[in-house]
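Residue-level listing of the chains:
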Amino acid sequence: MSEPLRPRSSPRAALSGRSDRTFQGLILALASVIVLVFVLSVYQLGRESWPALREFGLSFYTERTWNPVTGEFGAAQMVIGTLVTSLAALVLSVPLAVASALFVAEYAPKWLANPVGYLIELLAAVPSVVYGLWALFVIAPILGRWQQGFFADPANLEVYTRCQDIWNSGQTTLQCFFVPSAFDGRGLALAILILTVMILPYTASVARDVIRLVPQDQREAMYALGATKWEVISRAILPYARAGILGGVILALGRALGETLAVAMVIGDSQDIIKSLWGGASTMASVIANQFGDAQERLHRSSVVALGLGLFFLSVLVNFIARMVIARLTPKGIQ
Amino acid sequence: MTARSSALPARPRPRLSPARRARNLIMGALIGLSTVIVVAPLILIFAYLLREGLGAMNLEFFTRTPAPEGETGGGLLNAIVGSLQMLLMASVLGVGVGVAGGIFLAEYPRHPLMPTVRMLSDVLAGIPAIVMGLVAYGLIVLYFGFSGLAGAIALGFLMIPIVVRTTEEVLKLVPVTVREAGLSLGLPQWLVILRIVLPAAAGGIVTGVMLALARVAGEAAPLLFTAFGNPLVNLDPTKPMSALPLEIYRGATSAYDENQRLAKAGALLLILIIFATSLLARWASRRR
């Protein structure tokens, strides 16, 4: 009864080879959409921003004037606004995020660690517009009341008038940087604050995952030598987890650079130079959100898209750096 | 247990210098305090929306469209219906391409295009949503006008990298021996993938899709120049369409109390949906 085994060249094997190739072709075709989306994005952004870049050259990103009326467009203020808000938010959020990750991974008992971990992940799920709404309706009035209190004092009013001369001449000093220039709470400070909250969960969850990967014997070895909990954290855990945390921080920076509506709603949308921590400013993303819909004139519209192109390359760059940092610095044994 | 430890010679108490002990306590307290600061915004936002939005979430909210500016009443039916339609359409693109991309990365690791697809998928994951809105505007709106479909395509672009990543990860969790068993029975590779590997990973893929949906359901930025918004209920995907995040954005920046009230109720509804989706996704992935 026993049949001889079919040789590889039987019609059935050939058929399965062909169907394999068909399936692989189908999967490849669908996966190529990813490549297509990238290529189309570069092409589209490049084509649309070409008029602006041809007119102003690369100095588009370094010139300070942004004036739709006179048709002059330079994005330096938005580039600075983007970098200042993102980096300040990063500086504020990283210690908090790492601390909360340490709490979840090292301090909290299990019954507390899980819910706290959930809450931090839900923080990442809150949409940008909801953060914007909350900042606008809850935090801005608080800051606004403080600013009105500041102006109520005649001595402060004098400082303000002195600073106004400096601001009007297109400059700012360190002292004037901390003098309010607005009354409604919206401005650079609120944008930094809300960005800080928004990027916290990204750094926190990456840091928590990396801290959990630190081998248990590293902790035990130090405890056995009589180290305190903080000494174990600062000398064994954090150095070991450093690279992973840094990678998470850079990814959070990418988020902050591109964050749009929450910032657009609270930053005050001023394209002048940044005068005061409490005054209006703008970021590349906030200008796209606020102006693209109204930009009728060709050069204006093209300039707004050129901001998008800049943002695109900035996020690609940040992504590459993050991946390089993680790959370079990760000790063997992690990943 | 106690008897045993008492039998051991008394262990000398570690003698900590006051400085070390103080530093340990202070850092512990700071870490606890930081965690409270991190979690506080979530609780504050949720409490604020509950207080402000719950009252506005009546029957009218779910069955009516916004009242004309300056008048009272109305609801966000147009946004709810629009969001559902766009998410459904975005899923077709996001899940189709995303799952295929994940299969490609996990099952054909030696394909020459593999590193390119992996890198570009990571790059796409980092591109700001508003930039994707600009791209979709230039590719679709410029030629066909504002439409729900254009919005859905922008959202689909945003879903793709998330679905790719999770699909690839769960497929890699399926043991190689399972694939070998299938191949040794004489099944062609594509049947092994479709009939054995994918079903084994289905739970994880569904979780990834749900997380991707929860992520893009809250995006308003890419819809500003694509779906554009619509004060009426619209079932035609080639026409402008509203969405919950869009109405929240417009309402929150509006000067009218009534629009602000609807925005707060809309925000409450949106985060309830998103929280439910993410929790469900986590619960499903944990049960697996």
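Note that the coordinates shown come from a computational prediction; the quantities given were computed from them, not determined experimentally. (Residues numbered from 1 in each chain as written. Chains lettered and ligands numbered in written order. Predicted model: local features only at pLDDT ≥ 70, side-chain atom pairs only at ≥ 80, totals over all residues. Heavy atoms only, no water.)

Draft legend 1. Structural detail: the overall build of chain B. Scanning chain B for helices and strands turns up 11 helices and zero strands. Going from the N terminus to the C terminus, chain B shows its helices and strands as α-α-α-α-α-α-α-α-α-α-α. Computed over its C-alpha atoms, the radius of gyration of chain B comes to 26 Å, more than 25% above the 19 Å expected for a compact globule of 288 residues. Dimensions along the principal axes, computed over C-alpha positions, put chain B at roughly 85 × 60 × 30 Å. Taken over 288 residues, chain B has a buried fraction of 52%. Within chain B, counting contacts between residues at least 6 apart in sequence, those at least 24 apart form 73% of the total. Summed over its atoms, the accessible surface of chain B is roughly 13,800 Å², and 67% of this surface lies on carbon and sulfur atoms. Between the averaged position of the 24 positive side-chain charges in chain B and that of its 14 negative side-chain charges there is a distance of 21 Å. (Helix = DSSP H or I, 4+ residues; strand = E, 2+ residues; numbered from the N terminus. Rg over C-alpha atoms; globule rule 2.2 N^0.38 Å. Buried < 20%, exposed > 50% of the residue type's maximum accessible area, 1.4 Å probe, protein only. Contact = heavy atoms within 4.5 Å. Areas by Shrake-Rupley, 256 points an atom, 1.4 Å probe, with all protein chains shown as cover. Lys, Arg positive; Asp, Glu negative; His and termini not counted. Charge placed at Lys NZ, Arg CZ, Asp CG, Glu CD.)

Draft legend 2. How the structure looks around the overall build of chain A. For chain A, the helix and strand inventory stands at 12 helices and two strands. Relative to the globule expectation of 20 Å for 335 residues, the C-alpha radius of gyration of chain A, 26 Å, shows a markedly less compact shape. Oriented by its inertia axes, the alpha-carbon framework of chain A measures out at about 105 × 65 × 35 Å. Put simply, chain A has 335 residues, and 54% of those count as buried. Here the contacts in chain A between residues at least 6 apart in sequence split such that 72% fall between residues at least 24 apart. When the accessible surface of chain A is split by element, carbon and sulfur atoms take 63% of a total near 15,700 Å².

Draft legend 3. Layout of helix 4 (residues 128-152) of chain A. Compared with an ideal rise of 1.5 Å per residue, which puts 25 residues at 36 Å, helix 4 of chain A spans 34 Å between its outermost C-alpha atoms and is within 8% of the ideal. Remark: the principal bend of helix 4 of chain A, roughly 40 degrees, maps to A:Ile139, with a proline, A:Pro141, within the next four residues. (Expected span 1.5 Å × (residues − 1). Bend = angle between axes of the 7 residues up to and from the residue.)

Draft legend 4. Seen up close, the state of the cysteines. Residue and element names in this part refer to chain A. If you walk through the whole model with that rule in mind, you get one disulfide over all chains. Two residues, Cys163 and Cys176, share a disulfide whose sulfurs are 2.1 Å apart. Its S-S torsion of about -85 degrees marks the bond between Cys163 and Cys176 as left-handed, since a negative value means left-handed. Of this pair, Cys163 sits in helix 5 (residues 154-168) while Cys176 is found in helix 6 (residues 174-177), placing the two residues 13 residues apart along the sequence. When its relative accessible area of 2% is taken as the criterion, Cys176 is described as buried. (Disulfide = S-S within 2.5 Å.)

Draft legend 5. Inspection of the interface of chain A and chain B at higher detail. Taken together, the contacts link 75 residues of chain A with 81 residues of chain B. The tally of links between chain A and chain B comes to three salt bridges. The closest approach of N and O atoms between B:Asp122 and A:Arg323, which form a salt bridge, is 2.8 Å. Our enumeration of links across chain A and chain B arrives at 11 residue pairs in polar contact (both at pLDDT 80 or more). (Salt bridge = Lys/Arg side-chain N within 4 Å of Asp/Glu carboxyl O. Polar contact = N/O pair within 3.5 Å; in protein donor to acceptor, adjacent residues only side chain to side chain.)

Draft legend 6. Examining the UniProt feature "domain: ABC transmembrane type-1" (unreviewed entry) in chain A more closely. The feature "domain: ABC transmembrane type-1" (unreviewed entry), as given by UniProt, occupies residues 79-322 of chain A in the numbering adopted here. Helix and strand shares over residues 79-322 of chain A are 79% and 0% respectively, and the end C-alpha atoms of the span are 20 Å apart. (UniProt positions renumbered as here; feature names shortened; annotations may be inferred.)

Draft legend 7. The arrangement of the side chain of A:Gln271 in detail. Residue and element names in this part refer to chain A. Within the secondary structure, Gln271 is located in the loop between helix 10 (261-266) and helix 11 (284-291). A relative accessible area of 18% means that Gln271 is categorised as buried. Only 3.1 Å separates the side chain of Gln271 from the side chain of Gln291, close enough to count as a polar contact. Residue contacts for Gln271: discarding those within four places in its chain leaves Trp66, Gln77, Met78, Ser282, Val287 and Gln291.

Draft legend 8. Spatial organisation of the pattern of salt bridges. What the rule picks out here adds up to 17 salt bridges over all chains. The partner of A:Arg208 in a salt bridge is A:Glu121, and the shortest N-O contact between them spans 3.1 Å. Separated by 87 residues along the polypeptide, A:Arg208 in helix 7 (residues 188-213) and A:Glu121 in helix 3 (residues 110-125) bring together distant segments of the chain. A:Glu121 gets classed as partly exposed once you look at its relative accessible area, which sits at 24%. With its nearest N and O atoms 3.3 Å apart, the salt bridge here joins B:Glu52 to B:Lys264. Remark: B:Lys264 occurs in helix 11 (residues 257-287) and B:Glu52 occurs in helix 2 (residues 18-53); sequence separation between them is 212 residues. Classification of B:Glu52 by relative accessible area gives partly exposed; the value is 28%.

Draft legend 9. Molecular detail of helix 11 of chain A. Of all the eight residues making up helix 11 of chain A, seven are buried; the element is thus mostly covered by neighbouring parts of the structure. Three or more residues of helix 11 of chain A are buried, namely A:Met284, A:Ala285, A:Ser286, A:Val287, A:Ile288, A:Ala289 and A:Gln291.

Draft legend 10. Representation of the UniProt feature "transmembrane region" (unreviewed entry) in chain A. Residue and element names in this part refer to chain A. On the UniProt side, "transmembrane region" (unreviewed entry) is annotated at positions that read residues 21-43, 78-104, 116-143, 188-211 and 304-326 here. With 100% helix and 0% strand, residues 21-43 has its two end C-alpha atoms placed 31 Å apart. Secondary structure across residues 304-326 divides into 100% helix and 0% strand, with the first and last C-alpha atoms of the span separated by 33 Å.

Draft legend 11. Layout of a nonpolar patch on the surface. Residues and elements named next belong to chain B. On the surface, Ile26, Leu30, Leu33 and Ile37 cluster together into a nonpolar patch covering about 360 Å² of accessible area. Summarising the element assignment, Leu33 is placed in helix 2. Taking relative accessible area as the criterion, Leu33 reaches 48% and is therefore assigned partly exposed. (Patch = residues over 30% accessible without salt bridge, like charges linked within 9 Å, V, L, I, M, F, W, Y side chains within 5 Å.)

Draft legend 12. Main features of the packing of helix 2 (residues 76-107) of chain A against helix 7 of chain A. Residue and element names in this part refer to chain A. Taken N-terminus to C-terminus, the directions of helix 2 and helix 7 make an angle of 40 degrees; their axes are 6 Å apart at the nearest point. Judged by the twist between their axes, the crossing of helix 2 over helix 7 is right-handed. By residue class, the composition of the contact of helix 2 with helix 7 is 20 nonpolar, six polar and three charged. (Axes fitted to C-alpha atoms, helices over the stretch in contact; angles between N-to-C directions. Left-handed = near helix turned anticlockwise from the far one by under 90°. Nonpolar A, V, L, I, M, F, W, Y, C, P; charged D, E, K, R; others polar.)

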